[in-house]
Amino acid sequence: NHPLLRADSIEVWEDSVTLRRVLPVISGPYNNLLRLTYPWQSGRSYRLMAAPGTIIDRYGLVNDTLRTQWTVPTPESTALLQLKVKGLVAGQNYLVQVLNEKFESLREQKVSGDSVMTFAYLDAGKIRLRIVLDADGNGRWTTGDFGARRHPEKVWMYPDTPLLRANWEL
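This section reports on the structure supplied with the text. (Residues numbered from 1 in each chain as written. Predicted model: local features only at pLDDT ≥ 70, side-chain atom pairs only at ≥ 80, totals over all residues. Heavy atoms only, no water.)

What the chain contains, in helices and strands, is zero helices and 16 strands. Expressed along its principal axes, the backbone C-alpha trace of the chain runs to roughly 50 × 45 × 25 Å. In the chain, buried positions account for 31% of the 170 residues. Looking at the chain alone, contacts between residues at least 24 apart form 57% of all its contacts between residues at least 6 apart. A total of about 11,400 Å² of accessible surface is found on the chain, and carbon and sulfur atoms cover 51% of it. (Helix = DSSP H or I, 4+ residues; strand = E, 2+ residues; numbered from the N terminus. Buried < 20%, exposed > 50% of the residue type's maximum accessible area, 1.4 Å probe, protein only. Contact = heavy atoms within 4.5 Å. Areas by Shrake-Rupley, 256 points an atom, 1.4 Å probe, with all protein chains shown as cover.)

Here you go:
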């Protein structure tokens with residue numbers, strides 16, 4: 001959760017055989033995310049390892065050994081969601097969010113008016129859809145401020161909970 005200062009290369013193991021080193025890019029609104037660009041292939045297994053001291057935050061704190069592994073889902077095991085958003089004011093910033101049933105964000109996309117967007121590789125299950133008017137353009141919902149007489153940013157929820165099915169398009 002801290003802003004990152006530097007990140008050295010991270011080991012990427014593909015199917016536990018091929019080792020490559022990838023240099024992550026620091027991103028996110030608070031410089032607290034790492035983005036790895038790699039030719040990920042569906043159906044393949046990957047392991048990542050960051051050695052101690054690979055990642056340094058702005059306060060001088062360093063990471064311990066970090067390990068994670070996963071398999072990239074195939075199109076047949078996931079769903080594709082295509083949204084057509086209408087009625088938004090052109091030129092204003094909005095966030096279109098796909099949430100799970102617990103209101104946890106799965107994906108989001110910034111738009112500035114009516115749009116058509118595609119969310120691929122979503123897990124099957126019920127979802128919720130939310131649009132946030134991002135008036136200050138910071139890329140997230142902002143609460144109000146009583147002292148400054150500023151209201152919270154507006155939020156609209158889609159009333160239904162669509163069901164996504166594996167290997168389907170909705």
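An order of S11-S10-S14-S15 is seen for the four strands of this open sheet, with the pairing classed as antiparallel. Looking at the sheet topology across the chains shown, the edges are occupied by strand S11 (105-111) and strand S15 (155-157). Across this sheet, the average inter-strand angle for adjacent strands is 20°, counted without regard to direction. Here strand S14 (residues 128-133) runs beside S15; their pairing, made up of three bridges, is antiparallel. Among the inter-strand pairings, Val-132 is bridged to a residue of S15, identified as Val-155. (Pairing = 2+ DSSP bridges. Axes fitted to C-alpha atoms, helices over the stretch in contact; angles between N-to-C directions.)

Quick look at a nonpolar patch on the surface now. Judged by side-chain polarity, Phe-103, Trp-141, Val-155 and Met-157 come together as a nonpolar surface patch covering roughly 360 Å² of accessible area. Its place among the elements puts Phe-103 in the loop between strand S10 (94-99) and S11. Overall, the relative accessible area of 42% leaves Phe-103 in the partly exposed class. (Patch = residues over 30% accessible without salt bridge, like charges linked within 9 Å, V, L, I, M, F, W, Y side chains within 5 Å. Salt bridge = Lys/Arg side-chain N within 4 Å of Asp/Glu carboxyl O.)

It is worth spelling out the pattern of salt bridges at this point. Side-chain pairing between opposite charges can occur once the charged atoms of the two side chains come close. Applying the stated criterion across every chain, the model contains four salt bridges. Across the salt bridge formed by Asp-8 and Arg-6, the nearest N and O atoms sit 3.4 Å from each other. Classification of Asp-8 as partly exposed rests on a relative accessible area of 33%. Arg-6 gets classed as partly exposed once you look at its relative accessible area, which sits at 39%.

Sheet analysis places strand S2 (residues 10-14) next to strand S3 (residues 18-22), joined by five bridges and oriented antiparallel. Across the sheet, the residue bridging to Val-12 is Arg-20, located in S3. The turn joining S2 and S3, which pair antiparallel and follow one another in sequence, is formed by three residues; a positive phi near 50° is taken by Asp-15.

Ordered in space as S3-S2-S6-S8, the four strands form an open sheet in which the pairing is antiparallel. Each edge of the sheet is formed by a strand with only one pairing partner; in this case those strands are S3 and strand S8 (66-71). On average, each strand axis in the sheet is inclined to that of its neighbour by 20°, with strand direction left out of account. In the sheet, S2 pairs with strand S6 (residues 45-50) via four bridges, with the strands oriented antiparallel.

Our focus in this paragraph is the environment of Leu-5. Structurally, the position occupied by Leu-5 is in strand S1 (residues 4-7). Separated by 131 residues in sequence, Leu-5 and Asp-136 have C-alpha atoms that sit 26 Å apart.

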